Amino acid sequence: LAAARAASAQEAADTEAMAIEEIVVTAQKREESVQDVPISIAAFTGTTLQNAQVNSVAGLQRLVPNFSVNRAVQTANVRLSIRGIAAAGNSAIDPSVAAFMDGIYIPRPGTLFVSFNDIAAAEVLRGPQGTLFGRNATVGAINLRSASPQDELDGSVSLEAGSYGQQKYTAMLNAPVGDRLAFRAAGLYESIDGYTENTVTGEEPGDLETTAVRVGGVWKITDEATSTLKYNYANIS
């Protein structure tokens, strides 16, 4: 009887362990479980980011300890720091926290404020990452992955409104074509009026308009070979 209870308890524990979703990261330039990566890493799925209302790199501060974002008046002057260490944020100095989108290096972190459009996962790697991510990752790296086209028809639309004339529209469409070809398109538009008004000129300093579009396609050439192509456009004005 005791052996049967022990076996039942072990089976229940195994079932509970299997219910925990495995977190897959690409911190070492290949897909693997986060438990197998010997790096101090904070990883989040796109669903987690959406539920936490993380819409830009600044929002990661709420989820990642020892990570901060300092933004100046100009979007180009963004300073990313991990564990209190960072390079000066301007366009003349390379950052010490490297940022990547789908494996492509982003030299100016200011563009990360519009890169959270249809994101599948975000990873913040602490500590020197120069071996795999280059000389600009002396403090750490941010690795973002956009959602890839899937085999099922899917789509979504969201509308948001807030104070000071804030408007935000997002849309996504995933469409498979046959068994080996799929396309995905996602768009984002956001605008907000200024917080003050210049009574002389009538202008509203601080107004912001953001546009982002991402289009991707996946072609399964064979069962072992897959070709993926993505195009990303973003603009802040």
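Residues numbered from 1 in each chain as written. Predicted model: local features only at pLDDT ≥ 70, side-chain atom pairs only at ≥ 80, totals over all residues. Heavy atoms only, no water.

J.: For a nonpolar patch on the surface, give the residues involved together with the corresponding values.
T.: A surface patch of nonpolar side chains, amounting to about 360 Å² of accessible area, comprises Val213, Val215, Tyr231 and Tyr233. Along the chain, Val213 falls in strand 13 (residues 208-220). When its relative accessible area of 34% is taken as the criterion, Val213 is described as partly exposed. (Patch = residues over 30% accessible without salt bridge, like charges linked within 9 Å, V, L, I, M, F, W, Y side chains within 5 Å. Areas by Shrake-Rupley, 256 points an atom, 1.4 Å probe, with all protein chains shown as cover. Salt bridge = Lys/Arg side-chain N within 4 Å of Asp/Glu carboxyl O. Helix = DSSP H or I, 4+ residues; strand = E, 2+ residues; numbered from the N terminus. Buried < 20%, exposed > 50% of the residue type's maximum accessible area, 1.4 Å probe, protein only.)

J.: Give a description of the side chain of Ser146 that names residues and reports values.
T.: Structurally, Ser146 is set in strand 9 (residues 140-146). Reaching out from Ser146, the side chain makes a polar contact with the side chain of Asp102 at a distance of 2.6 Å. Polar contacts involving the side chain of Ser146 include one to the side chain of Lys230, which spans 2.8 Å. Those residues in contact with Ser146 that lie beyond four places of it in its chain are Met101, Asp102, Asp118, Ile119, Ala120, Arg214 and Lys230. (Polar contact = N/O pair within 3.5 Å; in protein donor to acceptor, adjacent residues only side chain to side chain. Contact = heavy atoms within 4.5 Å.)

J.: Tell me what's going on with the nonpolar core, and back it up with residues and numbers.
T.: In terms of nonpolar packing, the biggest core is built from 25 residues, with Leu49, Val57, Leu60, Phe67, Leu80 and Phe116 touching the most fellow members. Elements represented by at least two residues in this core include exactly strand 3 (41-45), strand 4 (67-71), strand 5 (78-82), strand 6 (97-101), strand 8 (119-126) and strand 9. Those residues in contact with Leu60 that lie beyond four places of it in its chain are Leu49, Val54, Phe67, Phe116 and Val124. The next biggest cluster of nonpolar side chains, apart from the first, holds 11 residues, and it includes Ala27, Ile39, Ala98 and Leu125. (Core = buried A, V, L, I, M, F, W, Y, C linked by side-chain atoms within 4.5 Å.)

J.: So what's going on with the environment of Ile142? Residues and values would help.
T.: Within the secondary structure, Ile142 is located in strand 9. Separated by 37 residues in sequence, Ile142 and Tyr105 have C-alpha atoms that sit 9.9 Å apart. When residues no more than four places from it in sequence are discounted, the contact partners of Ile142 are Val57, Phe67, Leu80, Val97, Ala98, Ala99, Phe100 and Glu123.

J.: How would you sum up the sheet that holds strand 14 (residues 226-236)? Please name residues and give values.
T.: With antiparallel pairing, five strands are arranged side by side in an open sheet as 10-11-12-13-14. Looking at strand neighbours, the two that pair on one side only are strand 10 (154-162) and strand 14, the edges of this open sheet. Neighbour-to-neighbour, the strand axes of this sheet turn through a mean angle of 5°, independent of strand direction. As paired elements, strand 13 and strand 14 share 11 bridges and run antiparallel to each other. Opposite Lys220, over in strand 14, you have Thr226 as the bridge partner. (Pairing = 2+ DSSP bridges. Axes fitted to C-alpha atoms, helices over the stretch in contact; angles between N-to-C directions.)

J.: Break down the packing of aromatic side chains for me, citing the residues and quoting the values.
T.: In this description, a pair of aromatic rings is defined by centroid distance and the angle of the planes. Applying the stated rule across the entire model yields three aromatic pairs. Where Phe100 meets Phe133, the ring centres are 5.0 Å apart and the plane angle is 55°; that geometry is what we call tilted. Within this pair, whereas Phe100 is found in strand 6, its partner Phe133 is found in helix 3 (residues 130-133), the two being separated by 33 residues in sequence. Residue class for Phe133 comes out buried when judged on its relative accessible area of 8%. With 6.4 Å between their ring centres and 20° between their planes, Tyr169 and Tyr189 make a pair best called stacked. Of this pair, Tyr169 sits in strand 11 (residues 166-177) while Tyr189 sits in strand 12 (residues 181-192), placing them 20 residues apart in sequence. Overall, Tyr169 belongs to the partly exposed group, its relative accessible area being 35%. Its relative accessible area of 29% is what places Tyr189 among the partly exposed residues. Members of the aromatic cluster, joined through ring pairs, are Phe100, Tyr105 and Phe133. (Phe/Tyr/Trp six-rings, centres within 6.5 Å; stacked < 30°, edge-to-face > 60°.)

J.: Summarise the pairing of strand 8; cite the residues concerned and give the values.
T.: Across the eight residues of strand 8, seven count as buried, placing the element largely inside the fold. Pairing of strand 3 with strand 8, which is carried by five bridges, proceeds in the antiparallel orientation. Bridged to Thr45 within strand 8 is Ala121.

J.: Describe in detail the sheet that holds strand 7 (residues 104-106), supporting the description with residues and values.
T.: Spatially, five strands are ordered 3-8-9-6-7 in an open sheet, and the strand pairing comes out mixed. Each edge of the sheet is formed by a strand with only one pairing partner; in this case those strands are strand 3 and strand 7. Sheet twist, expressed as the average angle between the axes of neighbouring strands with direction ignored, equals 20°. Pairing of strand 8 with strand 9, which is carried by seven bridges, proceeds in the antiparallel orientation. Residue pairing across strands places Arg126 opposite Gly140, the latter belonging to strand 9.

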